[in-house]
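Structure at a glance
Each chain is listed here by its residues.
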Amino acid sequence: MGCSSSKSKKSEDALRAALIIQNWYRGYRARLQARQRYALSIFQSIEYADEQSQLQLSNFFTYMLENYTNIQAKDPQLVNRLFGCSTMDKDRMEYIGVIEVPDTYHGPRLHFPLTFTDIQLLIRAFKDQQILHAYYVLEVLFETMKLLKKMPNFNHVKTSPSKEITICGDLHGNLADLFLIFYKNGLPSGNNSYVFNGDFVDRGRNSMEILMILFVSFLVYPRDVHLNRGNHEDFMMNMRYGFTKEVLHKYKLYGNKILQLLEEVYAWLPIGTIIDNEILVIHGGISESTDLNLLHRLDRYKMKSVLMPPVPVHEVYGATDLRKAKTGVLRPGRTLSGSISDQLLKHEWEQVIDILWSDPRGQRGCYPNTCRGGGCYFGPDVTSSVLSKYQLKLLIRSHECKSDGYEICHDGKVITVFSASNYYEEGSNRGAYIKLGFGMGLRFYQYQVTESTCLSRPLFERVNSIESSAIRILKERMISRKTDLIHAFELQDRSKSGKLSMSQWAFSMENVLGLHLPWRSLSSHLITTDKDGNIEYMSGFCNIHIEKPVKEVQSAVIETLYRYRSDLQLIFNVIDTDHSGMISMDEFHSMWSLFNKHYKVPIEDHQVDELAERMDLNKDGNIDFNEFLKAFYVVHKFDKLNRSGSTFT
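This text gives an overview of the structure that appears in the document. Sequence order as written defines residue numbering, which begins from 1 separately in each chain. This being a predicted model, a pLDDT of at least 70 is required before a residue's local features are given, and a value of 80 or more before pairs of side-chain atoms are given or counted; all residues contribute to the totals for chains, interfaces and linings. Processing note: side-chain calculations cover all non-hydrogen atoms of the structure and skip hydrogens and water entirely.

1. Side note on the sheet that holds strand S2 (residues 164-168)
Two strands qualify as a pair provided DSSP detects at least 2 bridges between them. Secondary structure elements are defined from DSSP: runs of H or I of at least 4 residues count as helices, runs of E of at least 2 residues count as strands, and each element is numbered from the N terminus. A sheet is described by the order of its strands in space; here five strands give the open sequence S4-S3-S2-S13-S14, paired in mixed fashion. The open sheet has two free edges, formed respectively by strand S4 (225-227) and strand S14 (443-447), since each of these has just one partner strand. With strand direction ignored, the average angle separating the axes of adjacent strands in the sheet is 20 degrees. Pairing between S2 and strand S13 (residues 431-436): four bridges, direction antiparallel. In the strand pairing of S13, cysteine 168 is matched with tyrosine 433. Along the sheet, helix H7 (residues 175-185) makes contact with S2, strand S3 (192-196), S13 and S14, crossing S3 at roughly 155 degrees. By the convention used here, residues are in contact when the closest approach between their heavy atoms is within 4.5 Å. For helices, the fitted line uses only the C-alpha atoms of the stretch in contact; every axis is such a line through C-alpha atoms, and the angle between N-to-C directions lies from 0 to 180 degrees. Across the sheet, helix H8 (residues 207-220) is in contact with S3 and S4; its angle to S4 comes to roughly 130 degrees.

Below is the structure:
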């Protein structure tokens, strides 16, 4: 009897201990997951803030065209590129005829008309890190554009008992994710259809390889591979987010031709897919004014960049020029390719912006997407209304990174699918794709491409790594606004103590940076507090500074140029139509002066002019603007420590 009682007590103790351990572990894991969510919110907030800055550049280009002295006469190609501009038929022989594939080339050789064998050939070659010759790249782009011109704005596809459809979201140049999808789900074929829902390029290192695989698959199976345009299928987005640089690096001789042709190909990509007359697949989202009938019939090829809104021609050329333009005659130096009708109407442009840039939210209604700066936030009521109006049941979209690779919202009527795993950092998120069969429910497949060494890393190490990277870029954001932040802190610090309360500090951070982050929760990573819980606000700028390329230059000038470096780089890249990387000192002065006036930057023109002249090392009157902007970079104190310590191995 006593023995039985003793065993029972031991069992109870063991169970109690197991429950305590289980509860502790659940709490521990929940805390790690909360830290991971905070890190992802930092990455996402800064990503969206950058996109907002990118979209605001559209106003600058209009301002530039109106104010840059004689820009039409100096560079009509730039005017046509930004504001013309119908897509004109490219001379195939001009692009390809002079290119020869030498016998020394050992990469993949495509054979037209393409077959399934060419898809396999490309994949094997890219796995071996081979580069497809520019001749074949241009051939694929010409063939793709020829076929895309026959496609409607929305592809209407149907499933069948023997035919399922797989829907993939953003890939963003992550080739390993595409390989993994094909490994798990099979290559495209007549019985294995795919919808790739935009954002094939930018950010990742293998955007060109992804484009070539998708385009070749489309050419082999045009009825089974469907390509939707995303907001990154845009030459101006590519200038900022990496694809332009990738192309010019991989194709030094013919990169310019490839980029020019890509502008046209992007414009012909369909803007959506409708499956079984029930499921709408678009990259971004909808708004309360979304008109699918209008979107079906507008001339999609007129939108070469979603970042350039329609500009009334008389605002650029004047009423006299407008009358002459209607007859096809403009003053010398002021010519537009195509006719003045070769732009979308403003309300058409807004419709396309909405479906490429919008995001769902839980709040009812439709309101401006202030984080991204384009499109809107749409609530569950808007979703129900639009789906009901067009007899649809479901909206599948992409455009947003989700930690699990997908997310369901709006009472199951909106699904986000995102296929680029590790988007922000190794381990930051899974990728996913969706399979849809005839008369079957949706099936979600998740994955994460990982290095073999990462599989054995415990969760807390992976979270620490993600969190560290997120805090790093947040501190870089802080140092780029150091002057503004200090001014905001000092306005709150009336006693000049160098300290603020938590609420004062959090208010100032949000007011200046506008990132909508949980500042109180993040404060321990960013600043130090005294024993009374007050924040020593200058501690946020310790261990980090912006390197000065020239010591004599004021810190405020360096800070401002660092903050706007991505905007300036894109502007100069647009002006640099031959992609030489060089710009004359006069052009540099003119552009900076316009940028300064438009953005009301609080530094004098002569300060930047003096810096540019110092950076013109060979004094030839030209400046390598990419090198100029690279000269401004953030130095983290601990980077130096790590670099110095790395020699002791």
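Following the structure, the description resumes.
2. Some words on the pattern of salt bridges
For salt bridges, the criterion is a side-chain nitrogen of Lys or Arg within 4 Å of an Asp or Glu carboxyl oxygen. If you walk through the whole model with that rule in mind, you get 33 salt bridges. With its nearest N and O atoms 2.7 Å apart, the salt bridge here joins aspartate 359 to arginine 397. Here aspartate 359 is found in strand S7 (residues 359-360), whereas its partner arginine 397 is found in strand S10 (residues 394-397), with 38 residues between them in sequence. Here aspartate 359 and arginine 397 have matching classes, each one buried. One salt bridge in this structure joins glutamate 476 and arginine 472, with 3.9 Å as the shortest N-O distance. Of this pair, glutamate 476 and arginine 472 both sit in helix H17 (residues 459-480), four residues apart, roughly one helical turn. For each residue, the accessible area found with a 1.4 Å probe, counting protein chains only, is set against the maximum for its type, and the residue is called buried under 20%, exposed over 50%, and partly exposed in between. For arginine 472, a relative accessible area of 35% translates into the label partly exposed. Linked by salt bridges that have partners in common, Glu47, Glu51, Arg203, Asp359, Arg361, Arg372, Arg397, Glu400, Lys402 and Glu407 make up one network.

3. Some details on the environment of isoleucine 571
Take isoleucine 571: it is sitting in helix H22 (residues 565-575). Sequence separation between isoleucine 571 and phenylalanine 595 is 24 residues; the distance between their C-alpha atoms is 9.3 Å. Apart from residues no more than four positions distant in its own chain, isoleucine 571 is found in contact with Leu57, Phe60, Phe61, Met591 and Phe595.

4. A closer look at H7
Listed in full, the buried residues belonging to H7 are Leu175, Asp177, Leu178, Phe179, Ile181, Phe182 and Asn185. In this structure, the buried side of H7 is in contact with helix H5 (116-127), S2, S3, H8, S13 and S14. Note on H7: the residue one or two positions beyond its end, glycine 186, has a positive phi of about 95 degrees.

5. A few points about the packing of aromatic side chains
One pair of aromatic rings is described through two measures. These are the centre distance and the angle between the planes. Stacked, tilted and edge-to-face pairs are distinguished by plane angle, under 30 degrees for stacked and over 60 for edge-to-face with tilted covering the rest, among Phe, Tyr and Trp rings (Trp via its six-membered ring) whose centres lie within 6.5 Å. Going through the model one piece at a time under the given rule, you end up with 24 aromatic pairs. Through pairs of rings, three or more aromatic residues link up here, namely Phe60, Tyr564, Trp592, Phe595 and Tyr599.

6. So, the nonpolar core
Membership of the largest hydrophobic core comes to 108 residues, with the highest contact counts inside it found for Phe61, Trp505 and Trp519. Counting residues per element, this core draws most heavily on helix H1 (residues 2-67), which supplies eleven residues. Ranked by size, the runner-up nonpolar core spans 60 residues in total, among them Ile119, Val137, Leu138 and Leu171. The term nonpolar core refers to a set of buried residues drawn from Ala, Val, Leu, Ile, Met, Phe, Trp, Tyr and Cys, joined through side-chain atoms within 4.5 Å.

7. Regarding the sheet that holds strand S1 (residues 154-157)
The strand order across the open sheet formed by six strands is S1-S5-S6-S10-S12-S11, and the pairing between neighbours is mixed. At either margin of the open sheet sits one strand with a lone partner, and together these are S1 and strand S11 (406-409). Neighbour-to-neighbour, the strand axes of the sheet open up by a mean angle of 20 degrees, direction not taken into account. Note: S11 against strand S12 (residues 414-417), four bridges, orientation antiparallel. What sits directly across from glutamate 407, in S12, is threonine 416.

8. Concerning the packing of helix H10 (residues 243-250) against helix H11 (residues 255-268)
It is at 8 Å that the axes of H10 and H11 come closest, and there the two elements cross at 140 degrees. Classified by the angle their axes make, H10 and H11 are oblique. Considering only the axes of H10 and H11, their crossing is right-handed. Within the contact between the two elements, H10 uses Phe243, Thr244, Val247 and Leu248 and H11 uses Gly255, Asn256, Ile258, Leu259, Leu262 and Tyr266. Angle categories: roughly parallel below 35 degrees, roughly antiparallel above 145, roughly perpendicular from 65 to 115, and oblique for all the rest. Here is the rule for handedness: rotate from the far helix to the near one, and if that takes an anticlockwise turn smaller than a right angle the crossing is left-handed, while a clockwise turn gives right-handed.

9. Things to note about the pairing of S3
Within S3, five of the five residues are buried, which leaves the element mostly enclosed by the surrounding structure. Here S3 shows a buried face lined by Asn192, Tyr194 and Phe196 and a second buried face lined by Ser193 and Val195. With five bridges joining them, S2 and S3 adopt parallel strand pairing. Paired with isoleucine 167 across the two strands is valine 195, which belongs to S3. Throughout, right-handed denotes a crossover for which the path from the first strand over the helix to the second runs clockwise when the strands point away from the viewer. Regarding topology, H7 serves as the crossover connection from S2 to the parallel S3, and that connection is right-handed.

10. Here we look at unusual backbone geometry
A cis amide bond, omega 0 degrees, links phenylalanine 112 with the succeeding residue proline 113. Structurally, proline 113 is set in the loop between helix H4 (92-97) and H5. Unlike most non-glycine residues, aspartate 276 shows phi in positive territory, near 55 degrees. In this structure, aspartate 276 sits in the loop between strand S5 (272-275) and strand S6 (279-281). For histidine 399, which is not a glycine, the phi torsion comes out positive at approximately 80 degrees. On the secondary structure map, histidine 399 appears in the loop between S10 and S11. Overall, histidine 399 belongs to the buried group, its relative accessible area being 4%.

11. With respect to the packing of H17 against helix H20 (residues 519-526)
Helix-helix packing is characterised by the crossing angle of the two axes and by the distance between the axes. At a closest axis distance of 11 Å, the pairing of H17 and H20 adopts a crossing angle of 90 degrees. By the angle class used here, H17 and H20 are roughly perpendicular. Where H17 abuts H20, its residues Glu467, Ile471, Leu474, Lys475 and Met478 lie against Trp519, Leu522, His525 and Leu526. Residues were grouped as follows: Ala, Val, Leu, Ile, Met, Phe, Trp, Tyr, Cys and Pro as nonpolar; Asp, Glu, Lys and Arg as charged; and all remaining residues, including Gly, as polar. In terms of residue class, the contact of H17 with H20 is made up of six nonpolar, one polar and two charged.

12. Remarks on the environment of arginine 109
Of note, arginine 109 is situated in the loop between H4 and H5. Spatially, the C-alpha atoms of arginine 109 and tyrosine 136 are 7.5 Å apart, while their sequence positions differ by 27 residues. Beyond its immediate chain neighbours, meaning those up to four positions away, arginine 109 contacts Val101, Pro102, Asp103, Asp118, Leu121 and Tyr136. Polar side-chain contacts of arginine 109 include one of 3.2 Å to the backbone oxygen of tyrosine 105. In protein, a polar contact means a hydrogen-donor-capable atom and an acceptor-capable atom, both N or O and within 3.5 Å, with residues adjacent in sequence counting only if both atoms are side-chain atoms; elsewhere, any N or O pair within 3.5 Å suffices.

13. As for the pairing of S12
The alternating pattern of S12 places Val414 and Thr416 and Ile415 and Val417 on opposite faces, both of which are buried. Bridging between S10 and S12 involves three bridges; their strand directions are parallel. By the bridge assignment for S12, arginine 397 is matched with threonine 416. Hairpin remark: S11 followed by S12, antiparallel, with four residues in the connecting loop; positive phi at histidine 410, about 55 degrees.

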